[in-house]
Amino acid sequence: MARVVVDVMLKPEILDPQGQAVQRALPRLGFKGIADVRQGKRFELEVEGPVDDAALARIHEMAETFLANTVIEDFVVKVES
Amino acid sequence: MTLDTVKHATETPDVEQPWAELGLKEDEYARIREILGRRPTGAELAMYSVMWSEHCSYKSSKVHLKQFGEKTPENDAMLVGIGENAGVVDVGQGYAVTFKVESHNHPSYIEPYQGAATGVGGIVRDILAMGARPVAVVDPLRFGAADHPDTRRVLPGVVAGIGGYGNCLGLPNIGGEVVFDSCYQGNPLVNAGCIGVMKHEDIHLAKASGPGNKVILYGARTGGDGIGGVSVLASETFDDTKPTKRPAVQVGDPFQEKLLIECTLEIFKEKLVAGIQDLGGAGLSCATSELASAGSGGMRVELDTVPLRDATLSPEEILMSESQERMCAIVAPEYVDRFMEICEKWDVIATVIGEVTDGERLEIFWHGEQIVDVPPRTVAHEGPVYNRPYARPEWQDALQADDAGKLPRPASAEELRAQVLQLVAHPNQASKAWITDQYDRFVQGNTVLAQPEDAGMVRIDEESNLGVAMATDGNGRYAKLDPYTGAQLALAEAYRNVAASGARPLAISDCLNFGSPEDPAVMWQFAEATRGLADGCFQLGTPVTGGNVSLYNQTGEVAIHPTPVVAVLGVIDDVNRRTPIAFAEEGQLLYLLGDTREEFGGSAWSEVVHQHLGGLPPAVDLDREKLLGEILISASRDGMIDAAHDLSDGGLVQAVVESCLRGGKGARLVVPDGLDAFTFLFSESAGRAVVAVPRSEELRFTDMCGARGLPATRIGVVDGTEVEVQGSFSVPLEELRAAHEATIPGLLA
Amino acid sequence: MTTRIGVVTFPGTLDDRDALRAVRVAGAEPVPLWHRDKDLHQVDAVVLAGGFSYGDYLRAGAISRFSPVMETIIEQAKAGMPVLGICNGFQILTEAHLLPGAMLRNNHLHFICRDQKLRVENAQTSWTADYSAGQEISVPLKNMDGRYVADERTLDELEAEGRVAFRYLDGNPNGSLRDIAGITNAAGNVVGLMPHPEHAVEPLIGTGGTDGLGFFTSILKKLVTA
């Protein structure tokens, strides 16, 4: 079975307090040099059958209408073999 | 790996078994062999080890807990007593209320968010399993020093977990406590209580009867959560040097639990179940053995039918798994289809995993081969019982001799004023709004009173306005000075809090948090506290309906303060008559009810000003508590008082400041004859409350107190924008508010 | 004929019984609606109640928005049926694009439950006619994902068209842009807000105020006179 990954991230202009909280914690934990943290979501889809253009188009549609809210989020679809 | 079947166990009697790693003692293992007449299979060993753990079997505490049954007061409200998932009391109009407090201490230290969350989930399922709709939760919490770095890790996680789970279930959080003391460093106490309401005829019990009836497991799939969690997490003392031995903590899914609640209530409504049990600690081991043990016959379970989240789990692991949000129901064959339909409606997975038999054994099969064949009572109800040695610790006398009355007292009005501000700003006395605002207190639309009121109160009938109230209290400092009195003071305070809200105290549940029972000093504290509680409940006429014991709350040799937490449930015929704490009407007269003595042992003042713990706790007079309760309830019913606040830690000044801030009005106080200002403000004498009386009611109220022999002293009036002690000092409300409200956010936000 | 107001129960909806009670207190007939049922049972208006439908998994409201009952509600709302989304209901309405913008985690990352002061900015919607513009009301607020966001153009549009229905007063509790607590669609039939008017309809219960009752009396009057 092939795996398709959809990464969903808040759009750059949207405030991400969770990411900021992580970033603020980093120096406290001794991790230096991180200028910014943004937190996102990763969906791992185990696809039945071939991952062809048609399957990818469906996944794209799924991401656009359901997995991501395009008012606030962007997404990227990647095929992992 | 070969399957350790009953047949295999019989044929291989000499196989070495890991009973010690599973927490069993040598004689316990020998007893299992004796019961079975052979060595146990791996699955049987797993079941016995987890069910005979301290957490499940109460083996150290049982001999002392017996008193709660033996000293039960005459009380016709009790419908179901100790031994079931939770006790049930009659609150009138055909309604029954079930309630219980449990601990989830160790898991909450390891993983604060999930530990606390699954604590809420567990107690809610206990209440649900009785046939009731859960209507409210409360959370008594104790943490290490407020400024300790680890408190910053544990507290926010615990609070977020309670909120994250409870808010998502739609249960209003109406009360509890937050206490800081360095004795809880490394051993936070996360206790969770729940109240449920049903009609009398809806009471359900955890028993499997009726041969041929199906055993249905429903709810979440079973995964590897907290395997061995009960025996390891709850029974062994932490050793900081071996973090890798800490097992996986269970993860909660409140959404699944919400579906489970609605689904189960619909199943109850159609009267489809003959018995029901939630799956908590010890998972299926506990549910199957308890159901079978309490029923009339045996039970046969096909373990391979259990829906799994992780297909690699072994049968032993499936039996031990503590995956959350699962229930087990006994259903007559003719109702199975309807049962399944309702589960399907709520997207809840349900599977028939076995049936009730006419035998006497609990038999469990794995792909057709028998892996368990045991008498269920020996697993569930006839575990080991220990008469652990106990002895009054040597240091107790010295501790009690270190009288707090000898501590230096404020020498001037300025110093008195400064200490008042210091007191109300101390983490233990400060506003906990930063914490409680993370809990939904409004959901279900029936909340009449919630924190920071003396007791939480919810309406349970919209037509008649019948309501129930609950308060939880515990004071480890008092109990350390004298466990017998300390337990009674916890009971008295919770009782007083409920009465101050206008409700009539009916029954109690307790959560007994102590150190290691293997330490005779701790065992003495436990024995004294249970004796005090049982005697107190007998005298007050409020039976113990159930509860929970949490032992091994200690790090190395150092145990926590003995901390019996008591939850008192009360009933109020008309919630319109409830009494809030707020002083809201200018000109109302303030009366102090009860006697004030020089009692400072274990007091908040001795802690805040002198970091001192010594002497004797305040004296207890339960007859006086009862009388005070009756006066508060009568005054509320007949509209003689508009506000009432119980006096406890921090004494009168703490209560007055809270009531003033709550109502946004000041108070002018006069020190009564025979008392000095310091004792008047800071003493923690028990059996007292402060009430606000409308002038038109003054005569009626004082006549009632006089006629019934309760001292009532006029101490001032609601007035202005300051708290003023005449002839001594005054503090503007805004200054008090700033001091009272800034502490907790300052430490934690 | 009595006015029928539906309240939808999704899996994980929590304030449905409260909303049904508020409808009854206002004098209308409450009708429970089920998420799997496309049929609205001849209701005249719909309330999407608060809670954590589908556990707020994926995003608050994101899964409910695709349930069968929403197909009908979206269609009917576009045709003018009054719909009120409270808290999770508001989140569902934005996910369904019946209202613009989106709701994100509170800026302080905590659940917050408190009595919240609001200003009614638009008293001409189906759900606010019993208030007056500029009126200050107090109702409970309780949520985790209450931070309203939208792009600048949308926000400007909302302001220009008077579609900001409620604004937070005395401190913004969650970081919502322009202190927005609730908005309406252009037609004024679809309204969403984060605070909970259904928890403020009876004296003594909750915060003890009745400032939220106006939502339910507003819609009742509108439907009766229509």
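Just so it is clear, the structure is predicted and the values come from calculations on it, not from any experiment. (Residues numbered from 1 in each chain as written. Chains lettered and ligands numbered in written order. Predicted model: local features only at pLDDT ≥ 70, side-chain atom pairs only at ≥ 80, totals over all residues.)

What chain B contains, in helices and strands, is 26 helices and 28 strands. Viewed in the frame of its principal axes, chain B has a C-alpha envelope of about 90 × 55 × 45 Å. When burial is assessed residue by residue, chain B has 63% of its 749 residues classed as buried. For chain B, restricting intrachain contacts to residue pairs at least 6 apart in sequence, the fraction spanning at least 24 positions comes to 85%. (Helix = DSSP H or I, 4+ residues; strand = E, 2+ residues; numbered from the N terminus. Buried ≥ 20, exposed ≤ 12 C-beta atoms within 10 Å, placed from the backbone. Contact = placed C-beta atoms within 7 Å.)

For the rest of this paragraph, the subject is the overall build of chain C. Tallying secondary structure elements over chain C gives five helices and eleven strands in all. Relative to its length of 226 residues, chain C is compact, with a C-alpha radius of gyration of 16 Å against a globular reference of 17 Å. On the principal axes, the C-alpha backbone points of chain C span a range of 45 × 35 × 35 Å. Taking all 226 residues of chain C together, 62% fall into the buried category. Expressed as a percentage of contacts within chain C between residues at least 6 apart in sequence, the contacts between residues at least 24 apart total 75%. (Rg over C-alpha atoms; globule rule 2.2 N^0.38 Å.)

Residues and elements named next belong to chain B. For strand β9 (residues 298-302), the tally of buried residues reaches four of five residues, placing the bulk of the element in the interior. Here β9 pairs with strand β11 (residues 350-357) via four bridges, running antiparallel. Residue Gly298 lies in a different strand from β11, and its bridge partner there is Thr357. By the bridge criterion, four bridges tie β9 to strand β12 (residues 362-366) in an arrangement that is parallel. Considered in β12, the bridge of Glu302 is made with Phe365. (Pairing = 2+ DSSP bridges.)

For the rest of this paragraph, the subject is the confidence of the model for chain C. Overall, the prediction assigns chain C a mean pLDDT of 95, with 99% of residues at 70 or greater. Scored as a whole, the predicted complex attains pTM 0.93, and scored at its interfaces, ipTM 0.95. (pLDDT = per-residue confidence, 0-100.)

All right, on to the interface of chain B and chain C then. At the interface, 25 residues of chain B touch 24 residues of chain C. Within the residue set of the side of chain B that touches chain C, elements represented by two or more residues are α8 (149-169), α10 (254-269) and β14 (447-449) of chain B. At four residues, the largest contribution of residues to the side of chain B that touches chain C is made by α10(B). Residue composition of the side of chain B that touches chain C, grouped by class: ten nonpolar, nine polar and six charged. (Nonpolar A, V, L, I, M, F, W, Y, C, P; charged D, E, K, R; others polar.)

Take the UniProt feature "binding site: Mg(2+) 1" (unreviewed entry) in chain B next. Residue and element names in this part refer to chain B. Under the UniProt annotation, "binding site: Mg(2+) 1" (unreviewed entry) lies at Glu102 and Asn548. On the basis of their most widely separated C-alpha atoms, the annotated residues across 447 residues gather in one place, lying no more than 5.3 Å apart. Tracing the chain through its elements places Glu102 in strand β3 (residues 95-103). Here Glu102 falls in the buried class, since 25 other C-beta atoms lie within 10 Å of it. Dropping the residues within four chain positions of it, Asn548 is found in contact with Val101, Glu102, Ser103 and Cys511. (UniProt positions renumbered as here; feature names shortened; annotations may be inferred.)

Okay, the pairing of strand β13 (residues 369-374) of chain B next. Residues and elements named next belong to chain B. Examined bridge by bridge, β12 and β13 share five bridges and lie antiparallel to one another. Bridge pairing in β13 places Glu363 opposite Asp373. Between β12 and β13, which pair antiparallel and follow one another directly, the connecting turn spans two residues, one of which, His367, has a positive phi of 50 degrees.

A few words on unusual backbone geometry. With the exception of glycine, most residues fall at negative phi, and the peptide bonds are largely trans. Residues and elements named next belong to chain B. Cis peptide bonds are those with omega within 30 degrees of zero, and the linkage from Gln451 to Pro452 qualifies with 5 degrees. Its location among the elements puts Pro452 in the loop between β14 and β15 (456-459). The phi dihedral of Tyr552 is positive, around 65 degrees, even though this residue is not glycine. Tracing the sequence through the fold places Tyr552 in the loop between β18 (544-550) and β19 (554-555).

All names here are of chain B. Within the fold, Gly119 resides in helix α7 (residues 112-129). Residue class for Gly119 comes out buried when judged on the 25 C-beta atoms lying within 10 Å of it. Along the backbone, Gly119 and Asp482 are 363 residues apart, and their C-alpha atoms lie at a distance of 29 Å. When neighbours within four sequence positions are excluded, Gly119 is seen to be in contact with Glu102, His104, Ser108, Val190 and Ala192.

This next bit is on the environment of A:Met1. Residue and element names in this part refer to chain A. Here Met1 shows up in the segment before β1 (2-10). When the C-alpha atoms of Met1 and Gly49 are compared, they prove to be 7.0 Å apart, with 48 residues separating the residues in sequence. Excluding residues that lie within four positions of it along the chain, Met1 makes contacts with Glu46, Val47 and Glu48.

A word on the UniProt feature "domain: PurM-like C-terminal" (unreviewed entry) in chain B. Here the UniProt feature "domain: PurM-like C-terminal" (unreviewed entry) sits at residues 210-366 and 585-722 of chain B. As annotated, residues 585-722 of chain B has a helix share of 38% and a strand share of 18%, and its two end C-alpha atoms lie 14 Å apart.

For the rest of this paragraph, the subject is the nonpolar core. Residue and element names in this part refer to chain B. Counting 323 residues, the largest nonpolar core has Met470 and Val691 as the members making the most contacts within it. Ranked by residues supplied to this core, first place goes to helix α19 (residues 483-500) with eleven residues. Setting aside residues no more than four positions away along its own chain, Met470 makes contact with Phe99, Val138, Gly175, Ile195, Ala455, Gly456, Ala567, Val568 and Leu569. (Core = buried A, V, L, I, M, F, W, Y, C linked by C-beta atoms within 7 Å.)

Moving on to the sheet that holds strand β9 (residues 164-168) of chain C. All names here are of chain C. If you walk across this open sheet you meet the nine strands as β2-β1-β3-β4-β11-β10-β9-β6-β7, and the pairing is mixed. Two strands bound the open sheet, and with one partner strand each, they are β2 (29-34) and β7 (136-143). Averaged over neighbouring strand pairs, the angle between their axes works out to 25 degrees when direction is ignored. When β9 meets strand β10 (residues 180-184), the two strands line up antiparallel, connected through three bridges. Each bridged residue has a counterpart across the sheet, and for Arg167 the counterpart in β10 is Ile180. (Axes fitted to C-alpha atoms, helices over the stretch in contact; angles between N-to-C directions.)

Mapped onto this numbering, the UniProt entry annotates "active site" (unreviewed entry) at C:Cys87, C:His196 and C:Glu198. Look at the named residues: they lie 112 residues apart in sequence, but the longest C-alpha span between them is just 10.8 Å, so in the fold they bunch up. Inspection of the secondary structure puts C:His196 in the loop between β11 (190-193) and α5 (213-225). On the neighbour-count criterion, C:His196 (28 C-beta atoms within 10 Å) is buried. The residues touching C:His196, leaving out its near neighbours within four places in the chain, are B:Phe442, C:Asp15, C:Gly50, C:Ile86, C:Cys87, C:Val139, C:Pro140, C:Leu141 and C:Lys142. Counting through the fold element by element, C:Glu198 comes out in the loop between β11 and α5. Given 33 C-beta atoms within a 10 Å radius, C:Glu198 is considered buried.

Per-residue confidence for chain B averages 93 on the pLDDT scale, and 97% of its residues sit at or above 70. Contacts from residues 229-247 of chain B, a stretch scored under 50 in pLDDT, to residues over four places away or in other chains number 39 contacts.

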